[in-house]
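Chain and residue survey
Listed below are the residues making up each chain.
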Amino acid sequence: MVGVIPKTKMIEAEVFFFGINIKKEWQWSDTATASLQIGEKIESGAFRTAYKCHVLKSSTLDTYKSYVLKVLHKEGIDARKQMAEMVSREMTEKEATEDFCKRSVQGQTVALDVCQQFSDAVADVSGYGETPRMIPALFIKMNSTTYGTCGTVEEFLPGRYKKIYHKLSGQTANNRVVRYR
């Protein structure tokens, strides 16, 4: 049937923002809710799988934009649990997943802030050119047997990208260029 979204491809999620408050302290925000339609799988990496998604309803996310939902797969969960064990801390699968996702959002948000500060610092420098930019990432909690208990969401950027594992090695993911459309 045209226009009918399979129920298995729809999820309800709580959305959490990470940022600097008025006191210049990093903190997680209050939650918002969102209804997401999960589309095709984009790519799987060492720890996470990415899916294209659309926001059907939300008080905070734009419904006219496409997004990427990134969820941890078994290898990612196991790796996070192993890292926790190295510092003598045991984690459940749910705790490991949430911790990994929150750390991903925190790292990306801090990088976004650093890029903005750098852009502001060189804004008046004649001929400097473009400065790096980052996409904001959000942490989401969901209750999905298909996609897990939490993940990250960020704006979808169409185009052609080369994923580099390490800035000095120059190696790409499976030695190929990934095209997102």
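All figures in this text were calculated on a predicted structure; none of them were measured in a lab.

By secondary structure assignment, the location of Ala 32 is in strand β4 (residues 32-44). Residue class for Ala 32 comes out buried when judged on its relative accessible area of 7%. Taking the C-alpha atoms as reference, Ala 32 lies 7.5 Å from Ser 58; in sequence the two are 26 residues apart. Non-local contacts of Ala 32, meaning those with residues more than four positions away in its chain, are made with Ala 13, Glu 14, Val 15, Ser 59 and Thr 60.

Moving on, we get to the sheet that holds strand β8 (residues 148-155). Strand order in the closed barrel formed by 6 strands is β1-β4-β5-β6-β8-β7, and the pairing between neighbours is antiparallel. Here the average twist between neighbouring strands, direction ignored, is 45°. Here β4 runs beside strand β5 (residues 48-58); their pairing, made up of 8 bridges, is antiparallel. Looking at β5, one finds that Ser 44 is bridged to Thr 49. On top of the sheet, helix α2 (residues 93-122) reaches β5, β6 (66-72), β7 (137-144) and β8; it is set at about 15° to β8, its chief contact.

It is worth spelling out the nonpolar core at this point. As a rule of thumb, nonpolar side chains are buried together in soluble globular proteins. If you look at the biggest cluster of nonpolar residues, it comprises 19 residues, and the most contacted ones within it are Leu 36, Ile 38, Leu 69, Ile 140 and Met 142. Of all elements in the fold, only β1 (10-16), β4, β5, β6 and β7 reach the threshold of two or more residues within this core. Take this core: its biggest share by element is 4 residues, from β4. Residue contacts for Leu 69: discarding those within four places in its chain leaves Ile 11, Ile 38, Thr 49, Ala 50, Tyr 51, Cys 53, Ile 140, Met 142, Thr 152 and Val 153. Counting 7 residues, the second-largest nonpolar core is a separate cluster that includes Cys 101, Val 105, Ala 137 and Cys 150.

Two numbers describe a pair of aromatic rings. These are the distance of the centres and the angle of the planes. Applying the stated criterion to the full structure yields 7 aromatic pairs. Judged by centre distance (5.6 Å) and plane angle (55°), the ring pair of Phe 47 and Phe 100 falls under tilted. Of this pair, Phe 47 sits in the loop between β4 and β5 while Phe 100 is found in helix α2, placing the two residues 53 residues apart along the sequence. Taken together, a centroid distance of 5.1 Å and an interplanar angle of 80° make the contact between Tyr 51 and Tyr 147 edge-to-face. Note that Tyr 51 is positioned in strand β5 and Tyr 147 in the loop between β7 and β8, a separation of 96 residues in sequence. The class for Tyr 51 is buried, based on a relative accessible area of 16%.

Analysis parameters
- Residues numbered from 1 in each chain as written.
- Predicted model: local features only at pLDDT ≥ 70, side-chain atom pairs only at ≥ 80, totals over all residues.
- Heavy atoms only, no water.
- Helix = DSSP H or I, 4+ residues; strand = E, 2+ residues; numbered from the N terminus.
- Buried < 20%, exposed > 50% of the residue type's maximum accessible area, 1.4 Å probe, protein only.
- Contact = heavy atoms within 4.5 Å.
- Pairing = 2+ DSSP bridges.
- Axes fitted to C-alpha atoms, helices over the stretch in contact; angles between N-to-C directions.
- Core = buried A, V, L, I, M, F, W, Y, C linked by side-chain atoms within 4.5 Å.
- Phe/Tyr/Trp six-rings, centres within 6.5 Å; stacked < 30°, edge-to-face > 60°.

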